[in-house]
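In case you want the letters, here they are:
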Amino acid sequence: MTKSENLFINGQFINGQWLAGEGEAFESLNPATDEPIWAAQSASPAQVNSAVVAARAAFYPWADLTVEARLEIVKRFAELLGEYKDKIAYAIAMETGKPLWETKTEVGAMIGKVAISEKAYFERTGTKENPMPQGKAILRHRPHGVVAVYGPYNFLGHLPNGHIVPALIAGNTIVFKPSELTPMVAQIMVELWQKAGLPNGVLNLVQGEVETGKALASHPQIDGLFFTGSSNTGHVLHQQYAAQPGKILALEMGGNNPLIVTEAENTEAVVHDIIQSAFISSGQRCTCARKLLLPEGPEGDAILAKLIDATKAIVVGDSLVEGNETPFMGSMISVQAAEGMVEAQNQLVELGGEILVELTHLKEETGFVSPGIIECTNIANFPDVEHFGPLLKVFRFSDFDQAIEIANNTTYGLSAGLLSDNEHLYQRFLSRIRAGIVNWNRPITGASSAAPFGGVGQSGNHRASAYYAADYCAYPVASVELDKVELPATLSPGRYDLI
Ligand SMILES: NC(=O)C1=CN([C@@H]2O[C@H](COP(=O)(O)OP(=O)(O)OC[C@H]3O[C@@H](n4cnc5c(N)ncnc54)[C@H](O)[C@@H]3O)[C@@H](O)[C@H]2O)C=CC1
Ligand SMILES: O=C(O)CCC(=O)N[C@@H](CCC(=O)O)C(=O)O
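Predicted model, so just to flag it, every value in this text is computed and none were measured. (Residues numbered from 1 in each chain as written. Chains lettered and ligands numbered in written order. Predicted model: local features only at pLDDT ≥ 70, side-chain atom pairs only at ≥ 80, totals over all residues.)

**Quick word on the overall build of the protein**
And step 1. When helices and strands are tallied, the protein shows 14 helices and 23 strands.
And step 2. Considering only C-alpha atoms, the protein reaches an extent of 90 × 65 × 40 Å along its principal axes.
And step 3. A burial count over the protein gives 51% of its 499 residues as buried.
And step 4. Considering only contacts within the protein whose residues lie at least 6 apart along the sequence, 71% involve residues at least 24 apart. (Helix = DSSP H or I, 4+ residues; strand = E, 2+ residues; numbered from the N terminus. Buried ≥ 20, exposed ≤ 12 C-beta atoms within 10 Å, placed from the backbone. Contact = placed C-beta atoms within 7 Å.)

Below is the structure:
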């Protein structure tokens, strides 16, 4: 039972129709106020099947269009995002608790994704032709067919969009399963695709909790699955797809990301980059710094002292309440997420961690927490888990190679950074660190959509997204072609009678 039966809507979009779900009821809450903002019944397995069947029926007509015709609709979608940008930014802020200034940048990234994906389609895939002594060689790329797209809650618009846009340009049809924590924005996005003129069945939306996700992932008629979310779910999907080599699986998962600081003169700039790396989006970015590595001695002490002061001064609040000071951090996604971060901090204290700035759950029944810093150098068995929130763990090191060793002491490998004026150290860092995003004197969040985006180890399965998403949205077909059957000028050695 939900708090919000009066909000119930038709939350499923199957073959161009908005339909009521036939499964369990679920709802979306504004985590800053605990108010319900959306409610519906989830898709039943039969409805998930209908969505896949609709996507299958729509596949050939969509794939047979020219890429220019598909791009026309995709570009119309970008225009609509522009027209509705303020409303969408407001909706994202309401559903996630993120500050409005930040959600506006998310909508900007969604719009920017279209031009980047168009460029990537032609540069990385598309069609290439080469003359041969007899005929020509042609490289084409074909869409996979029906693909499932799974989204996380933290970048509920931008990251599913980062799979959907390139998949559609390449000619795939889609069944989209958003995070159950963010169904409202998913619905708004799909409404805009409908308004942009996408033919029925090309993009279907199935909303629901984990059971809906399972029904879709296990559907035999899916040709591929593009996932952004937690490492735990990614592992389950990887196992599920283990004996199906014919299906394409792209996994974008979490990280346990290190940031090393040493030999950097400008302490203010260092603290700025640490805060942008660790606490933006209330620490709910897969690229956020989780481990801060500082040198032992006065340099590290000075940075830590300034960081502690700056962290205590971070404004946390609800940007949607008029008159509030603009917050740097909003609410986390849910009460449970906030409680989980307090619990994570308690566990680190039990293991020997020392709180430097306490992460506190600021208001019951909301997701507001203050950012925290915890000294972890003396924890013997530091747990290699992603704590998806604003809790930064500090380690002190005696020499640079030890810092790199601590940084690499993780099974993840998404982002990593060095803040240092010493270029030699950066060269060493670059050659030793294991991560898909490696930055120097810049925050480790805020990765560009115009570059590949993905990690190694538990962070991904070598199918980088963003600019490289084009690669997993299509497969190459190599042909040699001649427009009529002809004998070659020179026959093979050895005898065979042709006449
Ligand atoms: N590498 C990357 O690009 C990014 C990774 N992330 C990661 O995402 C996580 C946060 O997102 P969440 O929404 O919590 O992820 P999640 O893994 O809990 O959920 C993602 C989606 O998978 C579905 N799902 C869950 N269990 C399933 C199952 N057994 N079978 C099929 N579907 C299932 C969910 O319903 C949801 O739609 C963090 O770990 C973060 O690091 C977030 C953004 C970017
Ligand atoms: O996918 C892209 O277009 C680029 C990657 C990106 O936007 N990364 C962001 C968000 C990461 C997250 O959601 O956790 C970043 O690096 O901050």
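**Digging into the UniProt feature "active site" (unreviewed entry) in the protein**
And step 1. The feature "active site" (unreviewed entry), as annotated in UniProt, sits at Glu 252 and Cys 286 in this numbering. Separation in sequence by 35 residues is not matched in space for these annotated residues, since their most distant C-alpha atoms are only 9.2 Å apart.
And step 2. Inspection of the secondary structure assignment puts Glu 252 in strand 11 (residues 248–252).
And step 3. According to the C-beta neighbour criterion, Glu 252 is buried, with 28 such atoms within 10 Å.
And step 4. Not counting residues up to four positions away in its chain, the partners in contact with Glu 252 are Phe 227, Thr 228, Gly 454, Gly 460 and Ser 465.
And step 5. If you trace the backbone, Cys 286 turns up in the loop between helix 9 (267–278) and strand 13 (289–295).
And step 6. By the C-beta count within 10 Å, which is 29 here, Cys 286 ends up buried.
And step 7. Those residues in contact with Cys 286, other than ones at most four positions away along the chain, are Gly 254, Gly 255 and Leu 414. (UniProt positions renumbered as here; feature names shortened; annotations may be inferred.)

**Some remarks on helix 10 (residues 298–312)**
And step 1. Helix length check: helix 10 (15 residues) gives 21 Å between terminal C-alpha atoms against 21 Å at 1.5 Å per residue, within 8%.
And step 2. Along helix 10, the residues that are buried comprise Ile 303, Leu 304, Leu 307 and Thr 311. What you see down the axis of helix 10 is that its buried residues fit within an arc of 100°, all on one side. The exposed residues of helix 10 that point more than 90 degrees off its buried face are Pro 298, Asp 309 and Lys 312.
And step 3. Each element contacted by the buried residues of helix 10 is listed here: strand 12 (257–261), helix 9, strand 13, strand 14 (354–357), strand 15 (372–375) and strand 16 (391–397). (Expected span 1.5 Å × (residues − 1). Arc of directions from axis to C-beta.)

**Structural notes on the environment of Pro 443**
And step 1. Mapping Pro 443 onto the fold places it in the loop between strand 19 (437–440) and strand 20 (452–453).
And step 2. Under the C-beta neighbour-count criterion, Pro 443 is labelled buried, with 22 such atoms within 10 Å.
And step 3. Between the alpha carbons of Pro 443 and Asn 130 there is a distance of 43 Å; along the sequence they are 313 residues apart.
And step 4. Excluding its chain neighbours within four sequence positions, the residues that come into contact with Pro 443 are Asp 273, Gln 276 and Ser 277.

**A short note on the site of ligand 2**
And step 1. Every one of the 16 residues lining ligand 2 counts as a neighbour, but Arg 285, Cys 286, Ala 447, Ser 449 and Ala 466 are closest to it.
And step 2. Only helix 5 (158–170) and strand 22 (465–466) provide two or more residues apiece to the shell around ligand 2.
And step 3. When residues of the shell around ligand 2 are assigned to their parent elements, the largest contribution, three residues, is made by helix 5.
And step 4. Looking at the shell around ligand 2 residue by residue, the classes come out as seven nonpolar, eight polar and one charged. (Near = placed C-beta within 6 Å. Nonpolar A, V, L, I, M, F, W, Y, C, P; charged D, E, K, R; others polar.)

**Looking at the site of ligand 1**
And step 1. By nearness alone, 26 residues border ligand 1, and Pro 152, Gly 213, Gly 229, Thr 233 and Gly 254 come closest of all.
And step 2. Elements supplying a minimum of two residues to the shell around ligand 1: helix 7 (210–217) and helix 8 (231–240).
And step 3. Looking at the shell around ligand 1 residue by residue, the classes come out as 13 nonpolar, eight polar and five charged.

**Side note on the sheet that holds strand 16**
And step 1. Spatial ordering of the open sheet is given by 14-15-16-13-12-18-19, a layout of seven strands whose pairing is mixed. A strand with exactly one partner marks an edge of an open sheet, and here the two such strands are strand 14 and strand 19. Pairs of neighbouring strands in the sheet enclose a mean axial angle of 25°, with direction left out of account.
And step 2. Of the pairings in the sheet, the one linking strand 13 to strand 16 comprises five bridges and is parallel in character. In the sheet register, Leu 293 faces strand 16, and the bridge partner there is Phe 395.
And step 3. Along the sheet, helix 10 makes contact with strand 12, strand 13, strand 14, strand 15 and strand 16, crossing strand 13 at roughly 140°. (Pairing = 2+ DSSP bridges. Axes fitted to C-alpha atoms, helices over the stretch in contact; angles between N-to-C directions.)

**Observations concerning unusual backbone geometry**
And step 1. Even without a glycine there, the phi angle at Asp 34 is positive, about 70°.
And step 2. Positionally, Asp 34 belongs in the loop between strand 3 (25–30) and strand 4 (35–41).
And step 3. Phi is positive for Ala 466, which is not a glycine, with a value near 55°.
And step 4. Considering the arrangement of structural elements, one finds Ala 466 in strand 22.
And step 5. The buried category is assigned to Ala 466, around which 22 C-beta atoms lie within 10 Å.

**Describing the environment of Leu 168**
And step 1. Looking at the element boundaries, Leu 168 is found in helix 5.
And step 2. Between the C-alpha atoms of Leu 168 and Ala 269, which are 101 residues apart in sequence, the distance is 41 Å.

**Describing the sheet that holds strand 23 (residues 474–481)**
And step 1. If you walk across this open sheet you meet the three strands as 5-6-23, and the pairing is antiparallel. Of all the strands in the sheet, the pair left with one neighbour each is strand 5 (128–131) and strand 23. In this sheet, neighbouring strand axes are inclined to one another by 20° on average, regardless of whether the strands run parallel or antiparallel.
And step 2. Pairing geometry for strand 6 (residues 136–143) and strand 23, over eight bridges, is antiparallel. Paired with His 141 across the two strands is Pro 476, which belongs to strand 23.

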